[in-house]
Amino acid sequence: MSLAYRPDIDGLRAVAVGSVVLFHGGFSLFGGGFVGVDVFFVISGFLITSIIADDLERGRFSLVDFYDRRIRRILPALFLVLFTTVAIGAFILLPTQMENLAGSLIPATLFYANIHFMGLESYFAPAAEELPLLHLWSLAVEEQFYIVFPLLLFVLMRVGGRRLAVIGLFAVALVSLVIAQVELQEAPRRAFFLLSSRAWELLVGALIALAPLPKVPPKVAAGLGALGLGALLIPVFLYNRNTSFPGVAALPPVLGAALLIYSGRHAARGPAARLLALPGLVYVGRISYSLYLWHWPLLAFAFIYRGRALTPLLAAGIILLAVALSALSLRYVEAPLRRAGAGGGRRAVRFAAAAAVMLVAVFGARGIRRARRADLAPVGPRPQGRGGHARGPWPCHLQDRHGLHARYRKLHGHAARGSGQGL
């Protein structure tokens, strides 16, 4: 595995996670901040494909090694956040809300959260702000992609080298984009959550890594970087929760991210690359994975506890707390356990540990749901259900458009008082 470190890519990660976090925090200036997830997909596709392709061409690619790296990269911080979320939820959630959290814990642990949350569309479905693990849909999409992609790339490169791989992946990306646009009109939740309509974004990054793109002069590359930065940032500020997304509306941020990655190869001293390589942005990029994991459960719990939308000051404070937790996670969880020597340097130990923690999460979730059926009440206060959902920090088709969630909370609030399950 050999891939030269590029600080501008960490800076690009910072732009992506910052956009998402500020959007979820309810800051109206960043109404299209959800496109940061699409930028993450492009970065991931580029980096992972660069590593796999290099290993394939050197004759040293191993699926076991690949998934071992994924375990070390993804699972430690994820499991920490999952168990912390459940622990906090036990103190502040209503029994029904705790059951919903437990119901999403298994999909989050086994990486099918996108499918699980896509299916939550009914009269009794909770609102987005009442789902502390909702953001893990994107991690599920990514991991599903990496179940199929390494084998597909292996076959394509073995049969026809990079040329066939580029042609094949381009065709798959085009089909995925068409699916996204069609389903956006017919089944917008499917378009938002499923791999079939998101794969093209990861494949754009893969194609930047694989395609024999020409080397351009530094001034041209710098211009392309500036163009890419503009294409990425304009949707952050101009899109909003009513924008039909993804589909073709995702092209500007996705292609903008691709241009930034491409231009950074040839113009490391260009304005966009130098901006993205600023130390502060690079550090935020380094904690971006943990920050993405931590920010939404904290914001969701604050919303649930208050029972109404967060003030800008409170949202900013929670985001700063998420940054602090992310810095600690990077230092004490991510960095130590990402090393090849983690688990005594034995892959079998790491695989066994990952499987054991997954089993604990699965059986723990089942236990919580059984406890709910026994009417175990939470310790914390019951939220009052005061508004806020119509302007929630998720795209429009993930919100409650008809006031059903308010009626649901009102119904269950009365039921809780009648059965002694309130405060």
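Residues numbered from 1 in each chain as written. Predicted model: local features only at pLDDT ≥ 70, side-chain atom pairs only at ≥ 80, totals over all residues. Heavy atoms only, no water.

S.K.: Would you mind going over the overall build of the chain with me for this structure?
M.R.: Within the chain, the secondary structure is distributed over 16 helices and zero strands. Across the 423 residues of the chain, 55% fall into the buried class. A separation of at least 24 residues holds for 82% of the contacts in the chain among residues at least 6 apart in sequence. Of the roughly 18400 Å² of accessible surface on the chain, a fraction of 67% belongs to carbon and sulfur atoms. (Helix = DSSP H or I, 4+ residues; strand = E, 2+ residues; numbered from the N terminus. Buried < 20%, exposed > 50% of the residue type's maximum accessible area, 1.4 Å probe, protein only. Contact = heavy atoms within 4.5 Å. Areas by Shrake-Rupley, 256 points an atom, 1.4 Å probe, with all protein chains shown as cover.)

S.K.: What's the story with the layout of surface pockets in this structure? I'm lost.
M.R.: Where empty space is left can be seen by rolling a probe of water-molecule size over the atoms. Space inside the largest pocket adds up to approximately 1300 Å³. Around the largest pocket, the lining comprises 44 residues; the ones closest to its centre are R13, L47, I48, I51 and R73. Among the elements of the structure, α1 (7-24), α2 (36-57), α3 (63-92), α6 (137-186), α8 (199-210), α12 (279-286), α13 (288-306) and α14 (312-338) are those that each provide at least two residues to the lining of the largest pocket. Per-class residue counts for the lining of the largest pocket are 25 nonpolar, six polar and 13 charged. (1 Å grid on protein atoms, 1.4 Å probe; cavity = no way out; pocket = protein on both sides within 12 Å on 5 of 7 lines; lining within 4 Å. Points joined across faces, edges and corners; volume = space filled by probe spheres on them. Nonpolar A, V, L, I, M, F, W, Y, C, P; charged D, E, K, R; others polar.)

S.K.: Sorry, what's going on with the side chain of R72 here?
M.R.: Inspection of the secondary structure puts R72 in helix α3. Setting aside residues up to four positions removed in sequence, R72 forms contacts with L337, R338, R339, A340 and R350.

S.K.: Help me out: how do you make sense of a nonpolar patch on the surface in this one?
M.R.: Taken together, the side chains of L29, I234, F237 and L238 present a nonpolar region at the surface, about 420 Å² in accessible area. If you trace the backbone, F237 turns up in helix α9 (residues 218-238). Since its relative accessible area comes to 39%, F237 is described here as partly exposed. (Patch = residues over 30% accessible without salt bridge, like charges linked within 9 Å, V, L, I, M, F, W, Y side chains within 5 Å. Salt bridge = Lys/Arg side-chain N within 4 Å of Asp/Glu carboxyl O.)

S.K.: What am I meant to see in the packing of α3 against α6 here?
M.R.: Each pair of packed helices can be described by the angle between their axes along with the distance between the axes. In contact at an axis separation of 11 Å, α3 and α6 are set at 175° when each is read in the N-to-C sense. If you check the angle between α3 and α6, you find them roughly antiparallel. Note on element contacts: α6 touches α3 through L139, E142, E143, Y146, I147, P150 and L151, opposite L63, F66, Y67, R70, I74 and L78. A per-class count over the contact of α3 with α6 returns 10 nonpolar, no polar and three charged. (Axes fitted to C-alpha atoms, helices over the stretch in contact; angles between N-to-C directions. Parallel < 35°, antiparallel > 145°, perpendicular 65-115°, else oblique.)

S.K.: I keep staring at α13 and nothing clicks. Help me out?
M.R.: Helical geometry: 3.6 residues make up each α-helical turn, so side chains three or four residues apart lie on a common side. End to end, α13 covers 27 Å across 19 residues, agreeing with the expected 27 Å (1.5 Å per residue, within 8%). Of all 19 residues that make up α13, 17 are buried, and the element is covered over most of its length. Downstream of α13 by one or two residues, G307 has phi in the positive range, about 80°. (Expected span 1.5 Å × (residues − 1).)

S.K.: Help me out: how do you make sense of the nonpolar core in this one?
M.R.: Where a protein is soluble and globular, its nonpolar side chains tend to be buried together. The biggest cluster of nonpolar side chains holds 118 residues, and the ones touching the most others in it are L12, L75, L78, L136, F149, L153 and L169. Contact partners of F149, with chain neighbours within four places excluded, come to T49, I52, L169, L203 and A206. (Core = buried A, V, L, I, M, F, W, Y, C linked by side-chain atoms within 4.5 Å.)

S.K.: Would you explain the confidence of the model for the chain in this entry?
M.R.: When pLDDT drops low, the exact placement of atoms in the prediction is not to be read closely. Across the chain, pLDDT averages 86, with 85% of residues at or above 70. Within the model, pLDDT remains below 50 along residues 377-391, and this stretch shows 42 contacts once partners closer than five positions in the same chain are excluded. (pLDDT = per-residue confidence, 0-100.)

S.K.: Would you take a moment to explain unusual backbone geometry for this structure?
M.R.: Excluding glycine, a negative phi dihedral is what most residues carry, and trans is how most peptide bonds are arranged. For the peptide bond that leads from F245 to P246, omega is 5°, which places it in the cis range. With respect to the helices and strands, the residue P246 is situated in the loop between α9 and α10 (251-266). Positive phi values are uncommon outside glycine, yet F111 reaches one of about 65°. Note on placement: F111 falls in the loop between α4 (95-109) and α5 (113-118).

S.K.: Sorry if this is basic, but what is going on with the packing of α2 against α6 here?
M.R.: For the pair α2 and α6, the least separation of the axes is 10 Å and the interaxial angle reads 35°. Crossing of α2 against α6: the hand is right-handed. Across the interface between the two elements, V37, F41, S44, G45, I48, T49, I52, A53, L56 and E57 from α2 touch W137, S138, V141, E142, Y146, F149, P150, L153, F154, M157 and R162 from α6. Among the residues making up the contact of α2 with α6, the classes are represented as 14 nonpolar, four polar and three charged. (Left-handed = near helix turned anticlockwise from the far one by under 90°.)

S.K.: What should I look at first to understand the pattern of salt bridges in this one?
M.R.: Side chains that differ in charge, positive against negative, can pair when their charged atoms come close. Here the structure, examined in full by the defined rule, presents 16 salt bridges. Residues D8 and R6 are paired through a salt bridge, measuring 2.8 Å at the closest nitrogen-oxygen approach. R6 matches D8 in its accessibility class, with the two residues each being buried. Of the charged contacts, one joins D55 and R69 as a salt bridge, the two residues approaching to 3.8 Å between their closest N and O atoms. Pair noted here: D55 is in helix α2 and R69 is in helix α3, with a separation of 14 residues, a long-range link. By the burial criterion, D55 is buried, and R69 matches it. Here the residues in one salt-bridge network are D54, D55, R58, R60 and R69, joined through shared partners.

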